[in-house]
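Here is how the chains run, residue by residue.
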Amino acid sequence: MESKYSSLRTLDYGRLILKMLAVTLLTLGAISMIIPFLWSISTSIKSTENIFAHSAFWIQWPPDFSAYTKILKEVPIFQYALNTLKVACIVTFGQLLTSSMAGYAFAKLKFPGRDRLFVFYLATMMIPGTVLLIPNFIVMSKIGAVNTHWALILSAVGSVYSTFLMRQFFQTFPSELEDAAKLDGCTPISFYWRILLPNSKPILLTLGLMAFQGIWNDFQWPLIVLSRPEIRTLQVGLSYLTNEYYTDWNLLMAGSILTILPIIVLFFFVQKYFVQSFKLTGLKG
Amino acid sequence: MKNSKLFVVLSVLLALGMLLAACGPAATTPAGDTGSSAGSAGGSVAVDTQAASSGKTTIKVMSFFAYDTPEVETAVVAAFEKKYPDIKVDFESVAFSDIFLKYKTLIAGNTPPDVMSMNFDQAYSFASLGALEPLDSWIKSTNLDTSIYFPATLDMFKVDGVQYSMPGTFSDVVLFYNKDLFDAAGLQYPNKNWTAQDLKTAALTLTKDTNGDGKIDQFGYEYPWYPIVLEQYNAKIWDPTTNKCTLNSDAGIKALQAIVDSRYGSEQYAPTPDDLNQQGDWDMFMAGKLAMMPTGPWAVGTFNQKITTFTYDIADMPAGEKLATHVYANSYAMAAGSKNKEAAWKFIEFATGPEGTKIRQDGKYEISPVKSVADGFVAGLAGGNPEHASVFMDVMSYAVAQPVHAHWTEMSDAIDSELNLALSNQKPVKDALDAACVAVDSILAQP
Amino acid sequence: MEITQDLTVVAKKESSLSSIKIREAIWGFLFITPNFIVVLIFTIFPVIFSFYMSLTNWNILSNPTFVGLANYQQMLGDSVAKETFLNTLYYTIISVPINVLLTMVLAAMLNQKMRGLAFYRTAYYLPVITASVAVSLMFMWVLSTNGLANQLLGIIGLQPVKWLTDAKIALNSVISVTIWKSLGMNMIIFLAALQDVPNELVEAAAIDGANRVQQFIHITVPLISPVIFFVTITGIIGSFQSFDLVYNMTKGGPGHATTVIGYYIWQQAFNYMHMGYGSALAYIVFIAILVLTISQWLLRKRWVYTEE
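What counts and what doesn't
Residues numbered from 1 in each chain as written. Chains lettered and ligands numbered in written order. Predicted model: local features only at pLDDT ≥ 70, side-chain atom pairs only at ≥ 80, totals over all residues. Heavy atoms only, no water. Helix = DSSP H or I, 4+ residues; strand = E, 2+ residues; numbered from the N terminus. Buried < 20%, exposed > 50% of the residue type's maximum accessible area, 1.4 Å probe, protein only. Contact = heavy atoms within 4.5 Å. Areas by Shrake-Rupley, 256 points an atom, 1.4 Å probe, with all protein chains shown as cover. Pairing = 2+ DSSP bridges. pLDDT = per-residue confidence, 0-100. Salt bridge = Lys/Arg side-chain N within 4 Å of Asp/Glu carboxyl O. Domains from an automatic or database assignment. Buried area = accessible area lost by both parts, 1.4 Å probe. Polar contact = N/O pair within 3.5 Å; in protein donor to acceptor, adjacent residues only side chain to side chain. Nonpolar A, V, L, I, M, F, W, Y, C, P; charged D, E, K, R; others polar. Axes fitted to C-alpha atoms, helices over the stretch in contact; angles between N-to-C directions. Parallel < 35°, antiparallel > 145°, perpendicular 65-115°, else oblique. Left-handed = near helix turned anticlockwise from the far one by under 90°. Expected span 1.5 Å × (residues − 1). Disulfide = S-S within 2.5 Å. Bend = angle between axes of the 7 residues up to and from the residue. Core = buried A, V, L, I, M, F, W, Y, C linked by side-chain atoms within 4.5 Å.

### Structural notes on the overall build of chain B
Alright, step 1. Of the regular secondary structure elements, chain B holds 21 helices and 14 strands.
Alright, step 2. Going through the 447 residues of chain B one by one, you find that 56% of them count as buried.
Alright, step 3. A fraction of 72% describes how many contacts in chain B between residues 6 or more apart in sequence connect residues 24 or more apart.
Alright, step 4. For chain B, the exposed surface amounts to about 17300 Å²; the carbon and sulfur share of it is 54%.

### Description of the pairing of strand β11 (residues 290–295) of chain B
Residue and element names in this part refer to chain B.
Alright, step 1. Taking burial as the measure, the 6 residues of β11 include 6 buried ones, the bulk of the element.
Alright, step 2. Both strand β7 (residues 174–178) and β11 contribute to a ladder of 4 bridges, which runs antiparallel. The partner of F176 across the bridge, within β11, is M293.

### Remarks on the confidence of the model for chain B
Note that predicted coordinates carrying low pLDDT should not be read in detail.
Residue and element names in this part refer to chain B.
Alright, step 1. This prediction gives chain B a mean pLDDT of 85; 87% of its residues lie at or above 70.
Alright, step 2. Of the regions scoring below 50 in pLDDT, residues 1–10 engages in 17 contacts with residues more than four places distant in sequence or in other chains.
Alright, step 3. Under a pLDDT of 50 for its full length, residues 12–52 has, in the predicted model, 46 contacts with residues more than four places off or in other chains.

### Considerations on the pattern of salt bridges
Alright, step 1. Tallied over the entire structure, the rule returns 17 salt bridges over all chains.
Alright, step 2. In the salt-bridge network here, residues are joined through shared partners; they are K60, D90, E92 and K102 of chain B.

### Considerations on the domain arrangement of chain B
Residue and element names in this part refer to chain B.
Alright, step 1. Entries for chain B in the domain assignment read domain 1 (50–171 + 328–380) and domain 2 (174–327 + 404–444).
Alright, step 2. For domain 1 versus domain 2, the distance between C-alpha centres works out to 32 Å.
Alright, step 3. Each partner contributes residues to the interface: domain 1 has 15 residues there, and domain 2 has 11 residues.
Alright, step 4. For the pair domain 1 and domain 2, the two sides together bury roughly 1200 Å², of which 72% comes from carbon and sulfur.

### Describing unusual backbone geometry
Alright, step 1. Despite not being glycine, N234 of chain B has its phi angle at roughly 60°, a positive value.
Alright, step 2. Mapped onto the secondary structure, N234 of chain B falls in the loop between α10 (226–232) and β9 (238–239).
Alright, step 3. Relative accessible area serves as the criterion here: at 47%, N234 of chain B is assigned to the partly exposed category.
Alright, step 4. Of note in the backbone geometry, K251 of chain C takes a positive phi value of approximately 55° without being a glycine.
Alright, step 5. Tracing the backbone through its elements, the reader meets K251 of chain C in the loop between α12 (244–250) and α13 (261–271).

### Thoughts on the interface of chain B and chain C
Alright, step 1. Taken together, the contacts link 28 residues of chain B with 35 residues of chain C.
Alright, step 2. On inspection of chain B and its partner chain C, the count reaches 0 salt bridges.
Alright, step 3. For the pair chain B and chain C, the interface holds 10 residue pairs in polar contact (both at pLDDT 80 or more).
Alright, step 4. Mapped by element, the contributors of at least two residues to the side of chain B that touches chain C are α1 (2–27), α4 (96–108), α5 (120–128), α12 (273–278) and α20 (408–423) of chain B.
Alright, step 5. Considering every element that reaches the side of chain B that touches chain C, the biggest residue donor is α1 of chain B, with 7 residues.
Alright, step 6. For the side of chain B that touches chain C, a count of residues per class yields 12 nonpolar, 9 polar and 7 charged.

### What to know about the packing of helix α4 (residues 79–109) of chain C against helix α8 (residues 170–194) of chain C
Packed helices, taken two at a time, are described by the angle their axes make and the gap between the axes.
All names here are of chain C.
Alright, step 1. The geometry of α4 relative to α8 is characterised by a closest axis approach of 7 Å and an angle of 40° between their N-to-C directions. In terms of orientation, α4 and α8 fall into the oblique class. Crossing hand, α4 versus α8: right-handed.
Alright, step 2. Among the residues making up the contact of α4 with α8, the classes are represented as 18 nonpolar, 8 polar and no charged.

### Observations regarding the interface of chain A and chain C
Alright, step 1. Every contact between the two is made by 109 residues of chain A and, on the other side, 108 residues of chain C.
Alright, step 2. Taking both sides of the interface into account, the surface hidden between chain A and chain C amounts to around 9600 Å²; carbon and sulfur atoms contribute 74%.
Alright, step 3. Our count for the chain A to chain C interface comes out at 0 salt bridges.
Alright, step 4. On inspection of chain A and its partner chain C, the count reaches 13 residue pairs in polar contact (both at pLDDT 80 or more).
Alright, step 5. With 16 residues, the single largest contributor to the side of chain A that touches chain C is helix α1 (residues 13–44) of chain A.
Alright, step 6. Grouping the amino acids of the side of chain A that touches chain C by side-chain chemistry returns 70 nonpolar, 29 polar and 10 charged.

### Considering helix α11 (residues 225–241) of chain C
Alright, step 1. With 17 residues, α11 of chain C ought to run about 24 Å at 1.5 Å a step, and its terminal C-alpha atoms sit 24 Å apart, in line with that.
Alright, step 2. Along α11 of chain C, 14 of the 17 residues are buried, which leaves the element largely enclosed by surrounding structure.

### Concerning the state of the cysteines
The term disulfide refers to a covalent linkage connecting the sulfur atoms of a pair of cysteines.
Residues and elements named next belong to chain B.
Alright, step 1. Counting across every chain of the model gives 1 disulfide over all chains.
Alright, step 2. Sulfur-sulfur distance for the disulfide between C245 and C437 comes to 2.0 Å. Taking the sign of the S-S torsion, about -60° here, the bridge from C245 to C437 comes out left-handed. Here the residue C245 occupies a position in strand β10 (residues 244–245), and C437 occupies one in helix α21 (residues 429–444), the gap between them amounting to 192 residues.
Alright, step 3. Residue class for C437 comes out buried when judged on its relative accessible area of 4%.

### Quick word on the domain arrangement of chain C
Residue and element names in this part refer to chain C.
Alright, step 1. Each domain of chain C was delimited in the assignment, giving domain 1 (1–54) and domain 2 (72–303).
Alright, step 2. In this structure, domain 1 and domain 2 have C-alpha centres spaced 35 Å apart.
Alright, step 3. Each partner contributes residues to the interface: domain 1 has 5 residues there, and domain 2 has 6 residues.
Alright, step 4. Note on domain 1 versus domain 2: buried area summed over both sides is about 460 Å², and carbon and sulfur give 61% of it.
Alright, step 5. When residues of domain 1 are sorted by the area they lose upon contact with domain 2, F51, M53 and S54 head the list and together hold 83% of the total.
Alright, step 6. Put simply, domain 1 and domain 2 have 0 salt bridges between them.
Alright, step 7. Scanning the region where domain 1 abuts domain 2 turns up 4 residue pairs in polar contact (both at pLDDT 80 or more).

### Quick notes on α1 of chain A
All names here are of chain A.
Alright, step 1. If you check α1, its first and last C-alpha atoms are 46 Å apart, about what 32 residues at 1.5 Å a residue would give, namely 46 Å.
Alright, step 2. At I34, α1 shows its maximal bend, which comes to roughly 30°, and the proline P36 appears one to four places after that position.
Alright, step 3. Three or more residues of α1 are buried, namely L26, G29, A30, M33, I34, P36, F37, W39, S40, S42, T43 and S44.

### Considerations on the nonpolar core
Alright, step 1. By size, the foremost hydrophobic cluster in this structure holds 338 residues, and its most contacted members are F126, F176, M292, F303 and F347 of chain B.
Alright, step 2. For this core, the element with the most residues is α8 of chain C, which contributes 15 residues.

### Points about the sheet that holds strand β12 (residues 312–315) of chain B
All names here are of chain B.
Alright, step 1. Here we have 4 strands laid out as an open sheet, ordered β8-β11-β7-β12, and mixed in their pairing. In this open sheet, the two strands that pair with only one neighbour each are β8 (219–221) and β12. Taken pair by pair, the neighbouring strands of this sheet meet at an average axis angle of 25°, ignoring direction.

Structure below.
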């Protein structure tokens, strides 16, 4: 919200100091956020004997990439990544579609029982997922989805969380635009497709990122429903790096770095769309 | 406008189509969506039809054995399939930390694996709750000679005298020590006759502040898991005859006070939980910062690979009131709901017999419970590291199995939450044990 | 296909109010259907099933027996359940408001044009995707007796604190780490929400002489209030359910000092194989969240700007 009118004001030292303080705090916070990540990287390139031999912030140079080569050699990481990518893309697309549609209906369309149904939706989120694990498995088992990627896709493609999120976002959508569209003879479907969605890119991207990341990082559910090695997801495939009695920290960290890199790239791409737009000055579509 | 109508129809169809598509494979074959060969798709429907046509039975086996060196257990499976060409094993290796959750879910969904690997306490729990097939009649009908096993490893997998699974490995806890630190301090190596006082004297000498910053950074000893210490002090967690907690008996208090004193007494020689938060005990030992540590043969592989700067060896556990240690074992069990019990038993018989356990032992995954095979364990340790590996066998003359209960996990957690307060010096030992006993008694009172 | 024929009539002025309403209702149902079918089968059915489980005595491995409300009665005498429930309530009351406020301010700051914007945003998002186990291990080091936190305290002459092993402090340490790790998640939701705030309004306020803080409180906050509502509710739900960080850092100890109800339910249901009792606990959590949500829901008309 950098105002272009600020230059018109007289220079205010108090504000300047305040701004400096804010930037300093922001930077300190950011540093604290990156340290564990940097430390994961530095641990992943340490030789085993050096992991605890020095202080946590000591960096081994030249680096030892044996943890990475070991993973690449012993885990079919590309196949697992491809499996995960496939599921994550289907889920992301499906979840965006179903939850934006339902979110729109809950937010903007009036139909009998709408609010009661929505409260019921919300209520299902409040049951701790722990006790839904076995019922979910039984459903998947009954429809024959166990041991296929369908078990991952179906359980995630219709998300209550995302529907709730979309509803809340669509509520903030200016009703003037909606009324204008109605007067123009726009049906709900064309309003949804031509006006609502194109003007909701930031939240669609955010939700897409969250859906993708949810599947990408999920461990417990794929562990339980997938048994055949060739359909394993990345996180399950990499759990091979853990040991019953002892943790090989450099292997574990290398594995975790490899899995989060794609998400970082994705995030970087998504956040670029968070720039103040002037979309509401005119009607698109 | 035309497009948007189409869009509604399409999206509804898409959603329905997903459901239908998901229902599709169940009726025909669970071959899945990656186009894999039908043989590896482990669904019992496909398996049964296949069995009818080719006369081949497929069994599903899940195991955590040698999880981080997968080639070991797959070699056992391959040897089995070679010996029984009419049985195909659909083998899945799952980490120890996750496998029991998977078993539980699969059993709840009525699709248990035919054969499951177990450890000593889960085997007891699964058997008492009715998930495992009693094996006595199978043992009898195939004339299996059970005298080839160490008796303690067989007894561990009995519930009320009935054998519910067969041991595939065993391990016991002994004292690992850093020889170089002993040499440097001019101390004699630990031996079987060590008393609690000998241990303390040596440990105190080995406890040091090596860099002079006022904090201890090299410790003498770390006590083993408390049930072993209880055993050494003749204390029991509960008395099976009265079904009451006996943890807060004088013997129990004495045993646990010994651990607390080693950490927080005026003469400290063991790392505190705070110290261990920074660096686990294995890492401390491998870094030469912990002179003596009790652990089992499962550590040998990692230690031999990672300890390069000093030599280590093993000895009998130092005595408390008496010489004592625990023996643990892992086993293979048959699911009560298995549909291929004949083949499942053949697999268990093989994988826990001389042939299967030898492959596992040669693969450095613990020790064979079959006495004749276990004799080869020491010779099999290349380079004679640790030098006195025979200690692992010698302690079997007095090692006992840890007491278990159908609700052992719950009991263990209840004890831990109180005990950790005592062991981190936040609560007097007696108070903590009294509180733990209240919880244990209520667990013991469960049906 | 009759519906689609109806569409062409939309603009006709003679269509009565009620037929417009009916048409809108039909559209509403159509839009909900794909989501509803999936949610019905894969969420609502399991929820109902789990309620049935809460009325049984079930050890997972053999058949359940129906026991009525016995599990709920058992809870009354379960002191550990009470302790973990209170821990969770404390955890929620502390962490949710802090999280919502911090992330909102953070998003507002990171929505301005500034140098290194992408870096800051990515940095704050990193903990969200960094593996829990890496974060836990890092903080176990930082918070250990000789760790970084105590070294800093030492510099300013304070006594070392047992961050994770003192029963009185451990829960607060765990809460801090949780807030730290989850900032980035709500940050991107707020960032997305801020993109929907029309600049004209904010600039108009600026011309009227409102300062930044006033603009934010009087213009931006009301406009994004539905999202604040979302973040609050999901925050409450999350804090009643999640436990992986707690589990990795303290295993719920010392004592039960950091055991949260989500972890306790997990233990009861899967580790101790009291699935019935675990499910009953889950339904108590459900009621607690429901009460907190209803109170927000009733309040929302006061502060959620666009709720009609």
